[in-house]
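A structural walkthrough
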Amino acid sequence: MGKTTAKQGGQASREARVAGLRDFRTPTFDAVERRRMQLWILASVVLLTIATGFAVIATMPGETVVVLQTPALRLGLVTLSVFFCAYVIEKEVHLGRLTRMLADERVLTAALTNRLHEVQLLLGAGKAMNAGLDLPSVLDTILAGATELLAANGGSVMLVEGDELAAVAIVGREDARGVRLRLGDGIAGQVALRREPVLIDGRADPKEFPGLADRAPYVESAMSVPLVHRDELIGVLNINAALGRAFTEYDLRALSIFAEQAAAAVANARLYESERDHVAELIALRAGGLS
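This write-up is about the structure you can find in this document. (Residues numbered from 1 in each chain as written. Predicted model: local features only at pLDDT ≥ 70, side-chain atom pairs only at ≥ 80, totals over all residues. Heavy atoms only, no water.)

A few points about the overall build of the protein chain
Tallying secondary structure elements over the protein chain gives seven helices and six strands in all. The order of α-helices and β-strands along the protein chain, N terminus first, is α-α-α-α-α-β-β-β-α-β-β-β-α. Within the protein chain, counting contacts between residues at least 6 apart in sequence, those at least 24 apart form 60% of the total. (Helix = DSSP H or I, 4+ residues; strand = E, 2+ residues; numbered from the N terminus. Contact = heavy atoms within 4.5 Å.)

Given below as structure tokens:
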């Protein structure tokens, strides 16, 4: 991407130089518009001058008219007009190309800025998730990080318990806490079964997601991604879009990357809890033996 940006910058500089911009190394939209205005003002002045010259020649009396109305002079003026118009059109073509390049560069810069912001959020969320080992806190951190990353207004983390998914962390719908789904039921159940992320726009098709329950309130756009660590299914992360926002495939990829870190954090928290419980049992056994 860096090479592409540098190449586009070089092309823009060349187009700006050919178009006649003074500061051709760092062209801007304002500079392009000023140059375009200069060209068309100059073109108008020159063409108006030539037209005025023709009119004056046509109205001049006497022998002077005969000299000035020779075919050679007329052909010269017409040729001058044609060449000047061609010059202006050529510069306009380069200015048009430069305008498109600057627009593409602005879009690319905005995309890079958004990507950098998302990377920073991913890094921050990863640090926050791995900083704690208490499972409920880790789950809350995961959900908070996912909603911030994607500007969502709600979601849930569902963990695998046997052949079911249990909603253990909720944002936006507290009534959904503790909801359980069989693997394969509904959107989250299908995501868990297939281990593939899903993007939903509008109402989901019950034929595609058997056992789909009605959502209240209705969610216009949502995403569900599996939480998998070392080929083990841990759960499903669900995110709901804010009102008027529609998730994209790019958002789905970002959430999938986030889910990889989240799954590792959940696995680490579970391992810590297991080791902590094991140590507590050993301490209890030793205390019982000493007594």
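Considering the side chain of serine 224
Among the secondary structure elements, serine 224 is positioned in strand β5 (residues 221-229). Owing to a relative accessible area of 4%, serine 224 belongs among the buried residues under this scheme. One polar contact links serine 224 to asparagine 238, side chain to side chain, over a distance of 2.6 Å. (Buried < 20%, exposed > 50% of the residue type's maximum accessible area, 1.4 Å probe, protein only. Polar contact = N/O pair within 3.5 Å; in protein donor to acceptor, adjacent residues only side chain to side chain.)

Quick word on the nonpolar core
Judged by nonpolar contacts, the single largest core of 30 residues is most densely connected at Ile142, Val157, Leu237 and Leu255. Elements represented by at least two residues in this core include exactly α5 (135-149), β1 (152-161), β5, β6 (232-241) and α7 (249-290). Counting residues per element, this core draws most heavily on α7, which supplies ten residues. Contact partners of valine 157, with chain neighbours within four places excluded, come to Leu139, Ile142, Leu143, Ala166, Ala167, Val168, Ala169, Leu227, Val236 and Leu237. Membership of the second largest hydrophobic core comes to 16 residues, among which are Met158, Ala167, Ile187 and Phe209. (Core = buried A, V, L, I, M, F, W, Y, C linked by side-chain atoms within 4.5 Å.)

Re the sheet that holds strand β4 (residues 198-201)
The strand order across the open sheet built from six strands is β3-β2-β1-β6-β5-β4, with neighbouring strands paired in antiparallel fashion. Only two strands of the sheet have a single neighbouring strand rather than two, namely β3 (180-182) and β4. Neighbour-to-neighbour, the strand axes of this sheet turn through a mean angle of 25°, independent of strand direction. Across the face of the sheet, α5 comes into contact with β1, β2 (164-171) and β6 while running at roughly 140° to β1. The strands touched by helix α6 (residues 186-194) are β1, β2, β3, β4, β5 and β6; relative to β6, the strand with the most contacts, the crossing angle is about 140°. (Pairing = 2+ DSSP bridges. Axes fitted to C-alpha atoms, helices over the stretch in contact; angles between N-to-C directions.)

Concerning the pairing of β4
Where burial is concerned, the two faces of β4 differ: the one with Val198 and Ile200 is buried and the one with Leu199 and Asp201 is not. Pairing analysis gives four bridges linking β4 to β5, with the strands arranged antiparallel. Note that in β5 the partner of valine 198 across the bridge is serine 224.

Overview of unusual backbone geometry
Positive phi values are uncommon outside glycine, yet arginine 195 reaches one of about 60°. With respect to the helices and strands, the residue arginine 195 is situated in the loop between α6 and β4. Look at arginine 195 and you get partly exposed, because its relative accessible area is 36%. A positive phi angle is found at arginine 230, which is not glycine, with a value near 55°. Positionally, arginine 230 belongs in the loop between β5 and β6. The exposed category is assigned to arginine 230, whose relative accessible area is 77%.

Structural notes on α6
Buried residues dominate α6, accounting for seven of its nine residues. All buried positions along α6 are accounted for by Gly186, Ile187, Ala188, Gly189, Gln190, Val191 and Ala192. The secondary structure elements touched by the buried residues of α6 are β1, β2, β3, β4, β5 and β6. Backbone geometry just after α6 places arginine 195 at a positive phi near 60°.

With respect to α5
Taking 1.5 Å of rise per residue, the 15 residues of α5 would be expected to cover 21 Å, and the 21 Å separating its terminal C-alpha atoms lies within 8% of that figure. Looking only at α5, the buried set comprises Leu135, Val138, Leu139, Ile142, Leu143, Gly145, Ala146, Thr147 and Leu149. Positive backbone phi, approximately 50°, marks alanine 151, located one or two places after α5. (Expected span 1.5 Å × (residues − 1).)

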